[in-house]
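# Architecture and fold: a report
Here is what each chain is made of, one letter per residue.
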Amino acid sequence: MIQGEKRRQGRVEVVCGSMFSGKTEELIRRLKRAKFARQKVEIFKPAIDTRYSEEEVVSHDHTSIYSTPVESSSSILLLSDDIDVVGIDEAQFFDQGIVEVCNILANRGIRVICAGLDMDFKGIPFGPMPALMAIADDVTKVHAICVRCGALAYVSHRIVEGDRRVLLGETGEYEPLCRECYEKAINAK
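What counts, and at which threshold
Numbering of residues starts from 1 in each chain and follows the order in which that chain's sequence is written. Per-residue local features of the predicted model are confined to residues with pLDDT of at least 70, and side-chain atom pairs are confined, for both listing and counting, to 80 or more; whole-chain, interface and lining totals are unaffected and use all residues. With hydrogens and water stripped out, all remaining heavy atoms of the structure feed into the side-chain values. As used here, the term nonpolar core means buried Ala, Val, Leu, Ile, Met, Phe, Trp, Tyr and Cys residues forming a set that is joined through side-chain atoms within 4.5 Å. Relative accessible area decides the class of each residue, using a 1.4 Å probe on protein chains only: under 20% of the type maximum gives buried, over 50% gives exposed, and in between gives partly exposed. Here a helix means four or more residues in a row that DSSP labels H or I, a strand means two or more in a row labelled E, and each is numbered from the N terminus. In this analysis, two residues are considered to be in contact whenever any of their non-hydrogen atoms come within 4.5 Å of each other. Note on aromatic contacts: the rings of Phe and Tyr and the six-membered ring of Trp form a pair at centre separations within 6.5 Å, being stacked when their planes are under 30 degrees apart, edge-to-face when over 60 apart, and tilted otherwise. Comment: the charge-over-ring label is applied if NZ (Lys) or CZ (Arg) is within 6 Å of the ring centre and within 35 degrees of the ring normal. Think of the arc as the fan of directions from the helix axis to the C-beta atoms.

With that settled, the discussion passes to the nonpolar core. Judged by nonpolar contacts, the single largest core of 23 residues is most densely connected at I76, I88 and L132. Of all the secondary structure elements, the ones that give two or more residues to this core are strand 1 (11-17), strand 6 (85-88), helix 3 (97-107), strand 7 (111-117) and helix 4 (129-135). If you tally residues by element for this core, the top one is helix 3, at six residues. Every residue in contact with I76, bar those within four places of it in the chain, is listed here: F44, V70, V86, I88, F94, I98, V101 and L105. Core analysis: the next-biggest nonpolar cluster, separate from the first, contains ten residues, L27, L31, A115 and V142 among them.

With that settled, the discussion passes to the packing of aromatic side chains. Under the counting rule described, the total for this entry stands at two aromatic pairs. Taken together, a centroid distance of 5.9 Å and an interplanar angle of 85° make the contact between F93 and F126 edge-to-face. Here F93 is found in the loop between strand 6 and helix 3, whereas its partner F126 is found in the loop between strand 7 and helix 4, with 33 residues between them in sequence. Side by side, F93 and F126 carry an identical accessibility label, which is buried. Seen from their ring centres, Y154 and Y182 are 6.3 Å apart, and the 55° between their planes marks the pair as tilted. On the criterion of sequence distance, the pair formed by Y154 in the loop between strand 8 (138-142) and strand 9 (155-158) and Y182 in helix 5 (residues 179-187) is long-range, its members being 28 residues apart. Taking relative accessible area as the criterion, Y154 reaches 22% and is therefore assigned partly exposed. One cation-aromatic arrangement involves R158 over F121; the distance from NZ or CZ to the ring centre is 3.6 Å.

Phi at R38 takes a positive value of approximately 65°, unusual for a residue other than glycine. By the secondary structure assignment, R38 is in the loop between helix 1 (23-36) and strand 2 (41-46). Of note, the phi angle at E90 is positive, near 50°, even though the residue is not glycine. Counting through the fold element by element, E90 comes out in the loop between strand 6 and helix 3.

By the burial criterion, the buried members of helix 3 are I98, V99, V101, C102, L105 and A106. Taken down its axis, helix 3 places every buried residue within 165° of arc, on the same side. Among the exposed residues of helix 3, those pointing more than 90 degrees away from its buried face are E100 and N107. Looking at the buried positions of helix 3, the neighbouring elements they touch are strand 1, helix 2 (73-78), strand 6, strand 7 and helix 4.

If you want it as structure tokens, here you go:
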């Protein structure tokens, strides 16, 4: 080892919060900084997320970065050779195997940055996100603003009918609400 050289430290970072809170913007910001630092970056998203683009991760404010859509978390391992930083958007839509994938990558010295919804529209922890937050070296919770009162949003309230857990959408389907406004909205139904 050359004097002063250190082994690359792998880590898992999670950015979570409600819809419209800036999760994807923060993911893109971190990935662009890594690219600027001349690190090899690969970004993945679930293949089911085609809202804005089939091949890009796009935030609600239309900031974007090229990505690789994948069907399952195991595909991420196969496509992450010789990479310094792995970004994963919409992590809540991946299978539970995403937790092991992130651990394996971090143990290989790769920085892994995941972004996803911490709760579904009913306020229930979403998919693998609780487990990802548990194994993360760093968790950043970002908040939208409640569209009804201006407080910090707590949950993504679904404003269209339906009980399916996964319903891809944006402002026509969801609104960010604080805890108090969410309770009022639920009790009004």
